[in-house]
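These are the residues of each chain, in order.
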Amino acid sequence: MEFGTGDLQALFSAFSARMAAERDKLCALDGVIGDADHGIAMEQGMKAAADAAQAAEGTLQDVFTAAAKGFLNAVGASSGPLYATALLRAGKAAGPRASMPRAELRTVIAAMRDGIAQRGKAEPGQKTMLDAWAPAADAAINGQNVDAIAAAARRGAEATRDMVATVGRAARLGERSLGHPDPGSISAAMLVEEICNAMKAA
């Protein structure tokens, strides 16, 4: 089954709807170790990305690029440049073509992980969104099924509960960040889940 530009626009709409539905939960999580605005940032960012994606014409890469710019313009916080870079990398992986095999969404997950790691200069274990993206990317590249990819992201996000934040705003809390999951990793796992849903759709 092919994954075309219309499918990609639908995926961004799914991202937007999911972040809107989960906004209050994400803000509550962020209120414990951050500024309580993560849910708002992700809702606004993904709405802007979805709107830009809908308006975009051309290839898969064009849609990803438009979405990246939309997200960045809407979110000044740290997640803005991180997701903009991730989406630009995803666009490169998808390439200047009208469609790709649905299974190649695996490379999109890995590309988003690479973009976030490069821009954020972070690595897994530092209690960031990368703790969800990295295991999901590993599972995707290793050929695991879509349910296993989504589960890897959720497990990675849940594991941040037992980490002490060393980068980002939560790092100011030091040991007090222990016992609370990282909101960025929780929202990342939700996005991975939506990509996995798109891979399943046939």
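Residues numbered from 1 in each chain as written. Predicted model: local features only at pLDDT ≥ 70, side-chain atom pairs only at ≥ 80, totals over all residues. Heavy atoms only, no water.

Draft legend 1. Layout of the overall build of the chain. Of the regular secondary structure elements, the chain holds eight helices and two strands. Ordered by position in the sequence, the α and β elements of the chain form the string β-α-α-α-α-β-α-α-α-α. Rg of the C-alpha trace for the chain: 16 Å, near the compact-globule value of 17 Å for 202 residues, within the 12% margin. Principal axes of the C-alpha set define a box for the chain whose edges measure 50 × 35 × 30 Å. Scored against the burial criterion, the 202 residues of the chain give a buried share of 51%. Partitioning the intrachain contacts of the chain with sequence separation of at least 6 by distance along the chain shows that 71% fall at a separation of at least 24. By element, 52% of the accessible surface of the chain is carried by carbon and sulfur atoms, the whole surface being about 8500 Å². Taking the 21 positively charged and 23 negatively charged side chains of the chain as two groups, their mean positions are separated by 2 Å. (Helix = DSSP H or I, 4+ residues; strand = E, 2+ residues; numbered from the N terminus. Rg over C-alpha atoms; globule rule 2.2 N^0.38 Å. Buried < 20%, exposed > 50% of the residue type's maximum accessible area, 1.4 Å probe, protein only. Contact = heavy atoms within 4.5 Å. Areas by Shrake-Rupley, 256 points an atom, 1.4 Å probe, with all protein chains shown as cover. Lys, Arg positive; Asp, Glu negative; His and termini not counted. Charge placed at Lys NZ, Arg CZ, Asp CG, Glu CD.)

Draft legend 2. Structural detail: helix 8 (residues 183–200). Taking 1.5 Å as the rise per residue, helix 8 with 18 residues should run 26 Å; its terminal C-alpha atoms sit 26 Å apart, in good agreement. Taken across its 18 residues, helix 8 has 16 buried, putting it largely inside the fold. (Expected span 1.5 Å × (residues − 1).)

Draft legend 3. Spatial organisation of the packing of aromatic side chains. Counted under the stated rule, the structure contains four aromatic pairs. Judged by centre distance (5.6 Å) and plane angle (50 degrees), the ring pair of Phe 71 and Tyr 83 falls under tilted. Placement of Phe 71 in helix 3 (residues 60–74) and of Tyr 83 in helix 4 (residues 79–94) is noted, with a sequence separation of twelve residues between them. Residue classification places Phe 71 among the buried residues on the basis of a relative accessible area of 0%. Using a relative accessible area of 0% as the deciding quantity, one classes Tyr 83 as buried. Ring pairs connect the aromatic residues Phe 12, Phe 15 and Phe 64, which therefore count as one cluster. (Phe/Tyr/Trp six-rings, centres within 6.5 Å; stacked < 30°, edge-to-face > 60°.)

Draft legend 4. Representation of helix 2 (residues 38–55) within the structure. In this model, helix 2 (18 residues) spans 26 Å end to end at C-alpha, consistent with the 26 Å of a helix rising 1.5 Å per residue. Inspection of helix 2 places His 38, Gly 39, Ala 41, Met 42, Gly 45, Met 46, Ala 49, Ala 50 and Ala 53 among the buried residues, and these make up the whole buried set. The buried residues of helix 2 occupy an angular sector of 155 degrees when the element is viewed end-on, so they sit on one face. (Arc of directions from axis to C-beta.)

Draft legend 5. The arrangement of the pattern of salt bridges in detail. Applying the stated criterion across every chain yields a total of 13 salt bridges. A salt bridge links Arg 23 to Asp 24, with the shortest nitrogen-to-oxygen separation between them at 3.1 Å. Exposure remark for Arg 23: the relative accessible area of 31% places this residue in the partly exposed category. For Asp 24, a relative accessible area of 54% puts it in the exposed group. One salt bridge connects Asp 114 with Arg 113, and the closest N-O pair in it is separated by 2.7 Å. Connected through salt bridges with shared partners, the residues Arg 18, Glu 22, Arg 154, Glu 193 and Glu 194 form a single ionic network. (Salt bridge = Lys/Arg side-chain N within 4 Å of Asp/Glu carboxyl O.)

Draft legend 6. Examining the packing of helix 1 (residues 5–33) against helix 8 more closely. Relative to each other, helix 1 and helix 8 sit at 160 degrees, their axes nearing to 9 Å. Considered as vectors, helix 1 and helix 8 are oriented roughly antiparallel to each other. In the packing of helix 1 onto helix 8, the handedness of the crossing is right-handed. Facing helix 1, whose interface residues are Leu 11, Ala 14, Phe 15, Arg 18, Met 19, Glu 22, Lys 25, Leu 26, Leu 29, Asp 30 and Ile 33, helix 8 presents Pro 183, Ile 186, Ser 187, Met 190, Leu 191, Glu 193, Glu 194, Ile 195 and Ala 198. Residue composition of the contact of helix 1 with helix 8, grouped by class: 13 nonpolar, one polar and six charged. (Axes fitted to C-alpha atoms, helices over the stretch in contact; angles between N-to-C directions. Parallel < 35°, antiparallel > 145°, perpendicular 65-115°, else oblique. Left-handed = near helix turned anticlockwise from the far one by under 90°. Nonpolar A, V, L, I, M, F, W, Y, C, P; charged D, E, K, R; others polar.)

Draft legend 7. Broad picture of the environment of Asp 162. Inspection of the secondary structure assignment puts Asp 162 in the loop between helix 7 (146–159) and helix 8. Looking at Asp 162, the relative accessible area reads 63%, which means it is exposed. Through-space distance from the C-alpha of Asp 162 to that of Ala 117 is 21 Å; in sequence the pair is 45 residues apart.

Draft legend 8. Quick look at unusual backbone geometry. Unlike most non-glycine residues, Ala 36 shows phi in positive territory, near 65 degrees. By the element assignment, Ala 36 lies in the loop between helix 1 and helix 2. According to the relative accessible area criterion, Ala 36 is partly exposed, its value standing at 34%. Located in the positive-phi region is Lys 121, a residue other than glycine, with phi close to 50 degrees.

Draft legend 9. Just the packing of helix 7 against helix 8, in detail. Contact geometry for helix 7 and helix 8: axes closest at 8 Å, N-to-C directions at 175 degrees. In terms of axis orientation, helix 7 runs roughly antiparallel to helix 8. Mapping the contact onto sequence places Val 146, Asp 147, Ile 149, Ala 150, Ala 153, Arg 154 and Ala 157 in helix 7 and Ser 185, Ile 186, Ala 189, Val 192, Glu 193, Cys 196, Met 199 and Lys 200 in helix 8. For the contact of helix 7 with helix 8, the residue count by class is ten nonpolar, one polar and four charged.

From the geometry alone we can't say anything about function, so treat these as descriptive.
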